[in-house]
Amino acid sequence: MIADVPDEPDEQLTEPVDDSAEELYEHAPCGYLSTRPDGTIVKINRTLLDWLGYDRDEIVGRRTFQSLLSVGGRIYYETHYSPLLTMQGAVREIAVELIRHDGSRLPALVNSVLRVDASGAPVTIRTTVFDATSRRAYERELLAARRTAERSEERLAVLQQLVSDFTPAATSMDVSEVLVDKARRAVRAVASTLWLLAEDGSTLVRIAGGTPPHPLLLRAPRDAAMPHTQAVRRNEIVLLGSVEATRQQYPLIAELMVGAAREAVVFVPLSVGQQALGAVSFSFDQTHAIDDDDLQLLRTLGRQAGQALQRAALFEAESRLRHRAETLQLITGALAAPLDAAQVARVAVDRIAATLHFERIVFVLAGAVGPVVAAASGVSPAVLGSWRRDAGDLAPALSWPASNGAFFDLPEEHGAALPGLVDLPPEDRFGALAVLPLRSGTRSLGVLLLDRPAEHSFAAEERDFLRTVAAQCAQALERVRLHAEALERQQRAEFIAALSRRMDEAPGLRQRADRLVARLVPAIAERARVALLADRQLVTVSTSTMSHAVEAAATTRADPDDQPGEHVALALSEGTPQVAASATDEITETALPLRARGRVVGVLVLGLGRSRPDRDLLGFLTELAEAAGLALENGRLYDQERENGHLLQRGLLAGEPPRDPRVAVTSYYRPAGEDLEVGGDWYDVFPVGPDKIAVVIGDVVGRGIAAASAMGQVRSAIRALAATEPAPASLLQRLDRFVDRFEAGRMATVAYGELDLSTGRLRYSCAGHLPPLLIEPDGSKRFLWGGRSAPLAAFAGMKARTEDEVQLSPGSRLLLYTDGLVERRGRGLDLEMARLAEEAGRRSRAPQGGLLSDLAETMVDVQHRDDVCLLCVGFGVEPQFEREIAADMTRLKNLRDDFRAWLATLALSADERDALLLVCSEAAANAVEHGYRDDRIGVVSVRARVADGVVELIVRDRGSWRSPAATTDRGRGLALMKALMDGVSVERGVGTVVTMRRRLTSEAVA
Amino acid sequence: MTMAQVTVLVVPGGYVAKLDGDVDIAVADRIETEILRQTEATAALIVDLATVSFLDSAGVRLIDRLVGRQEKGGALARIVAPQGSSTLFTLQVCGFRPELLVATRQAAMASVAQR
Amino acid sequence: MWRFVAPAFADTHQIVLFDHVGYGRSDLSAYSVASYSSLDAYAADVLDIVHELDLRDVTFVAHSVSAMIAVLAVLREPERFANLVMIGPSPRYVDDPAESYVGGFARAEIDELLDALDSNYLGWSRAMAPVIMGNADQPELAEELTNSFCRTDPRVARQFAQLTFTSDNRADLPKVSVPTLIMQCSNDVIAPLSVGEYVHRQIAGSELVVLKATGHCPNLSAPEETVAVMKTFLRAS
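Residues numbered from 1 in each chain as written. Chains lettered and ligands numbered in written order. Predicted model: local features only at pLDDT ≥ 70, side-chain atom pairs only at ≥ 80, totals over all residues.

**Here's the deal with the overall build of chain A**
Assigned secondary structure in chain A consists of 29 helices and 37 strands. Here chain A, with 1006 residues, has 41% of them falling under the buried criterion. Taking the contacts inside chain A whose residues are at least 6 apart along the sequence as the reference set, 60% of them involve residues at least 24 apart. (Helix = DSSP H or I, 4+ residues; strand = E, 2+ residues; numbered from the N terminus. Buried ≥ 20, exposed ≤ 12 C-beta atoms within 10 Å, placed from the backbone. Contact = placed C-beta atoms within 7 Å.)

What follows is the structure, given as structure tokens:
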């Protein structure tokens, strides 16, 4: 360039040109204009007029500078240009667009200076205008480039931000939050909704975003004709660019767009490879247009979101599996402990509430009569209360047809099947519901109801898990049921065994029936009654309540009040358990047949409370009735035999002993151990002439009715023979022949004697029997060994019968006895007989009444296995009772027994006997209590005698009298004595002597 | 030696205390304790002496106290003492009010039911 | 903006001047496109200032689009504000033929405006600064201009302009309950007289004063008149 500069001056530069200031102003290569401060143009050059296409007249004084500007320029002028000019006096290189006369625009750069006058007030603005067309074009290109760059930068930033937001999203909810919130804002959409395919892949379910105004936007089949389903089906973006464009294909959506003032909606598939997991929609209003770049961005966003979703799904699935495994372990562990169904229910509900996200949990057990809500969580007290009263509403759940349960995502779906859960107050209404039957095989043990108040989609995996939980609960229930059943079976078996044992311990029917009833009430039944058939009449044998069964009369006659119900009649006729059709006084009766020897012998009627027994209980009761029937029958047989034996024996033993003042006869009979059969011992005393009595004691071999009956025959035979035979030996010979002929009583032993009351001579003969013991008044004693021969009809015995004679002195006693008294296992007979002689001798002065029982108690214990029979003949009546007892309250009964026996030898009225017994006991008790309060080794002596129709009773102690404690009401004893006796005197010295007298009635004296 | 026994039964409207054997000073306290333990004074009490073989003044006091407790509590008391029994004799001698004494348990139950 | 007006009130008021975030001496880093996507965000900033300084009985003097920011702030916490002075306010710049509302601009004009802003900033803002800086006569003015007008990120300006010209706060006006002065220039292309009258009608009890001054910035072009009107109003209330 420098080389091209000519050395010579250009010739033309010297030529004159019209270059006046005016010319320069008008035709300068830039526009000039001057305005007043308010913008009114006062001067403008030609160049600018030409550029704009105006005439000068159209401008000067008529237009302002700013009115020549485009709108943006005008605003800019007002907000920037003019203030700047005011403040700094000049602006430079402002880019504006001037509007030409023809409306086209002239891009320009303008500079202005403000001229002010001397006072600083603005006068004019001078402005130069440069044509900036090419520069503006360049700027516009730059601007466009910048915009493009900015937009793609912006998109990149949006995408990067979203991707980085997706990265930490661990759940699909996190992903959806990013999508519907951040992504929506990033793409400047006004609304966004997210749908995901449900587990089965056939339904598109709304997950997040505003509540859709149409159900199909909430849940739609994958093949529905909807834009979001199409986006998923084709895995492509669906753009609804305008309402009009939408109206044809999706009129519904078009309406919704109009309603919500949406200009456009884009449905973006959330893809993973060729598949779409769901779709997200972005709605735009009119301020935002969507171009291809936007769509590209959204497509990428959809792919990123799809991957994030898949990642989150895997993560969720894994953590869900882990959580469920842990939860299941917890629940299973907790369920191992409970021992009953209610506990299982409580534990299950507690555990599920703690580990699973259910709002309401209801554990229903299959009760005997219907559903029972055993445990619940999240249910209001009112609803729970109503269920506790009556859970009938839940019955359909209990008998749920599908054993693997049912899952309802919405309340509308289960409302029909389980109205009880929907027909509740709104706050208690069940929402999404899982109905999980608890079964063991086909047996329904209960049902578990799990609820979420809002809609909820039960995924297949969740369903499986919940079924597993339910199976665990069912197993636990079954376990406790089996446990309870085994326990119950065992308890019932033990109960029946114990009942049988207890009944068998009682000897007779009546006792056994009583024991049966006592065992059953209240352990098993509210009340119980045992009734047996006798002569085709039902007789109540024992009953727990006496209100309508007359206990005393029950054994002998049918109870008139007892109209057997139909159930009782049926039980008797059908031989099967019968439950009364209706309850009386809130108790339902069950009649159980009692069987023996293959037939129904009676009925056990149980009042079991209000509810009817179930099959299980009936089975148990039937079994119980079987055992009871057997035991009762055995009792009855025993009774019968024993009754027969005792009837015989009583009939034979009883009979008034001869009443003769010259002789006192007392007898004692004690059957072997209470429940044993009757034995063959007997005694007999009968007159054989005016001054002679026969005394007999014998023992027939064997036990039971046979023995008793043989004894009866022998006894009768003796009585018959005694009338004709002159002497004991000949009587026994005749008796031998009788026994030999009839076999009854062979080998029986008999001691037979005849006592002449006028002389005291006794002739006697012993057929194999133990020798009578003679006790003299002075205490000497001897066995009468004479007149001995073999037992009756003994094949091996001597046939000849012998007899002997002995003289009894007045006051002596003859004691006849059977071997039960002296035969002792492990002790020689001789020793026992010696002991008997010793004991009897010591009691030679004891009152005859009570002597025999005393002796018997001394010689043999209560559990003795043989009958004991004693007969005592006192020659010359003993007038006096004398006893000494240890100062011990428990000895009073012995004293009374003896005294009662002594009184029995007197002919007294019942009242006299009772009165004397009472005062004797009272006086003795006083002596024990007061005389020996601090001393248990003292002795109380009691003496009684009858003289001249007066009974005198003297009770003596040697203790020091203590006054009765003031607080006690003791003293009644003394009052009683005074009331009952004609005279009572108390002497206190060394000890206390109480003397009482009572005159006997004339009848008694006689 | 048989000890006096007491068996308490629950019947409609109250209790039956059934005594057995000899009721004397040796056993009265024990029987009373047992009855008090098993019954409440708010329900009727029937003291059944039908199978009592002997009743001494300690036994009488026992029954007297039971009657007192019942009547204080506003509840009925009845004593079953069969005709001709020594028990009835003793109670009559002690001047027990006739309406307290009944011959059979059924009669006692009936008077309980009437209340 | 307020250097000719504010001194007139220094004796009677505590004066708090601030730049909106993104402008002037504000903390430019606090600006983000997302968080300043509505005028509410600016109103919240105003209230933050009020709280921070614990201002009460505030007379809020607001120019142009700031008048609507002021309305939003006053509606949120009316108890803080005693008076509202609006200079050249407009609740909506775009005409709304459906409601016979004349905002002064057709939509197309707004697009053009935004375009103009774009081109100006690209070509002007950077080019202008050195010249202004070079004005040795009034260095403090240059300082102010640089700060208040020029030190603006084009992106901020672009978004703020878009926000301004697309906003519609007509519904908020009737809720204003504090005494309000509306100052309207005679010839304002940005806020025509009809808009001033509209604002006056919508705010019950408001006072409308039409200034002799022209343009959009009477606070700069006619500070004496502006001050006089404000003083009259403040005395009255």
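There is more to say, and it comes next.
**Side note on the overall build of chain B**
What chain B contains, in helices and strands, is four helices and five strands. Put simply, chain B runs from its N terminus to its C terminus through helices and strands in the order β-β-α-β-α-β-α-β-α. Restricting to contacts in chain B with at least 6 residues of sequence separation, those with at least 24 account for 67%.

**Describing helix α4 (residues 71-88) of chain A**
Residue and element names in this part refer to chain A. Under the 1.5 Å per step criterion, the end-to-end length of α4 is 24 Å for 18 residues, consistent within 8% with the ideal 26 Å. Along α4, the helix axis deviates most sharply at Tyr77, where the bend reaches about 50°. Counted residue by residue, α4 has 15 buried out of 18 residues, so it is predominantly covered. One or two positions beyond α4, positive phi appears at Gly89, with a value near 85°. (Expected span 1.5 Å × (residues − 1). Bend = angle between axes of the 7 residues up to and from the residue.)

**Digging into the pairing of strand β17 (residues 527-534) of chain A**
Residues and elements named next belong to chain A. Of all eight residues that make up β17, six are buried, and the element is covered over most of its length. Pairing analysis gives six bridges linking β17 to strand β21 (residues 599-607), with the strands arranged antiparallel. Across the sheet, Arg529 pairs through a bridge with Val605, a residue of β21. Where β17 and strand β18 (residues 537-543) come together, six bridges link them in antiparallel fashion. Residue pairing in the sheet places Arg529 in a bridge with Thr543 of β18. (Pairing = 2+ DSSP bridges.)

**Comments concerning the confidence of the model for chain A**
Here chain A averages 81 in pLDDT, while 88% of its residues score no lower than 70. Contacts of residues 546-562 of chain A to residues separated by more than four positions or lying in other chains number 32 contacts, the stretch itself having pLDDT below 50. (pLDDT = per-residue confidence, 0-100.)

**Some words on the packing of helix α1 (residues 28-38) of chain B against helix α2 (residues 57-72) of chain B**
Residue and element names in this part refer to chain B. Put simply, α1 and α2 touch, their axes get as near as 9 Å, and they point 20° apart. In this view, α1 runs roughly parallel relative to α2, as classed from their interaxial angle. Viewed along their axes, α1 and α2 form a crossing whose handedness is right-handed. Taken together, the residues of α2 that come into contact with α1 (itself represented by Ala28, Ile31, Glu32 and Ile35) are Ala58, Gly59, Arg61, Leu62, Arg65 and Leu66. (Axes fitted to C-alpha atoms, helices over the stretch in contact; angles between N-to-C directions. Parallel < 35°, antiparallel > 145°, perpendicular 65-115°, else oblique. Left-handed = near helix turned anticlockwise from the far one by under 90°.)

**Remarks on the interface of chain A and chain B**
With 25 residues of chain A in contact, the opposing surface of chain B contributes 23 residues. Of all the secondary structure elements, the ones that give two or more residues to the side of chain A that touches chain B are α19 (551-554), α26 (892-904), α27 (910-931) and α28 (972-980) of chain A. If one sorts the elements of the side of chain A that touches chain B by residue count, α27 of chain A sits on top with eight residues. Tallied by class, the residues present in the side of chain A that touches chain B amount to 12 nonpolar, five polar and eight charged. (Nonpolar A, V, L, I, M, F, W, Y, C, P; charged D, E, K, R; others polar.)

**A word on the sheet that holds strand β32 (residues 868-875) of chain A**
All names here are of chain A. Reading across from one edge, β22-β32-β31-β27-β28 is the order of the five strands in this open sheet, with antiparallel pairing throughout. Pairing within the sheet leaves two strands with one partner each, and these edge strands are β22 (663-670) and β28 (781-783). Across the sheet, the mean angle separating the axes of adjacent strands is 15° when strand polarity is ignored.

**Describing the sheet that holds strand β4 (residues 207-211) of chain C**
Residues and elements named next belong to chain C. With parallel pairing, the four strands of this open sheet are ordered in space as β1-β2-β3-β4. Both outer strands of the open sheet, β1 (58-63) and β4, are each paired with one neighbouring strand and no more. The average angle at which neighbouring strand axes cross in this sheet is 15°, direction not considered. Across six bridges, β1 lies against strand β2 (residues 81-87) in parallel orientation. The partner of Phe60 across the bridge, within β2, is Leu84.

**Focus: the environment of Met173 of chain A**
Residue and element names in this part refer to chain A. Its place among the elements puts Met173 in helix α6 (residues 172-186). Since 14 C-beta atoms lie within 10 Å of it, Met173 is described here as partly exposed. A sequence separation of 140 residues divides Met173 from Ala313, and the C-alpha atoms of the two residues are 10.0 Å apart.

**Focus: the pairing of β2 of chain C**
Residue and element names in this part refer to chain C. Summarising burial for β2: five of the seven residues are buried, a large majority. Of the pairings in the sheet, the one linking β2 to strand β3 (residues 180-185) comprises four bridges and is parallel in character. Of the residues in β3, the one forming a bridge with Leu84 is Thr180.

**Considering the environment of Phe899 of chain A**
Residue and element names in this part refer to chain A. Its place among the elements puts Phe899 in helix α26. Phe899 sits 17 residues away from Glu882 along the chain, and the two C-alpha atoms are 9.0 Å apart. Other than its neighbours up to four places away in sequence, Phe899 contacts Phe881, Leu917 and Cys920.

**Focus: the environment of Ala348 of chain A**
All names here are of chain A. Turning to its location among the elements, Ala348 is positioned in helix α12 (residues 341-355). Once the C-alpha coordinates of Ala348 and Ala470 are considered, the two residues, 122 residues apart in sequence, prove to be 9.4 Å apart. Aside from chain neighbours lying at most four places away, what touches Ala348 is Ile331, Leu335, Phe363 and Cys473.

**Examining the packing of α6 of chain A against helix α11 (residues 292-335) of chain A**
All names here are of chain A. Contact geometry of α6 with α11 gives a least axis separation of 8 Å together with a crossing angle of 155°. With respect to α11, the element α6 is oriented roughly antiparallel. Contact with α6, carried on its side by Ser172, Asp174, Val175, Leu179 and Ala183, involves Leu301, Ala305, Ala308, Leu309, Ala312, Ala313 and Glu316 of α11 and no other residues of that element. Here the residues of the contact of α6 with α11 sort into nine nonpolar, one polar and two charged.

**Section: the confidence of the model for chain B**
Of the residues in chain B, 96% reach a pLDDT of 70 or more, and the chain-wide mean stands at 86. Confidence scores differ between elements of chain B, with helix α4 (residues 105-114) of chain B showing the lowest mean pLDDT of 83 and strand β4 (residues 77-80) of chain B the highest of 93.

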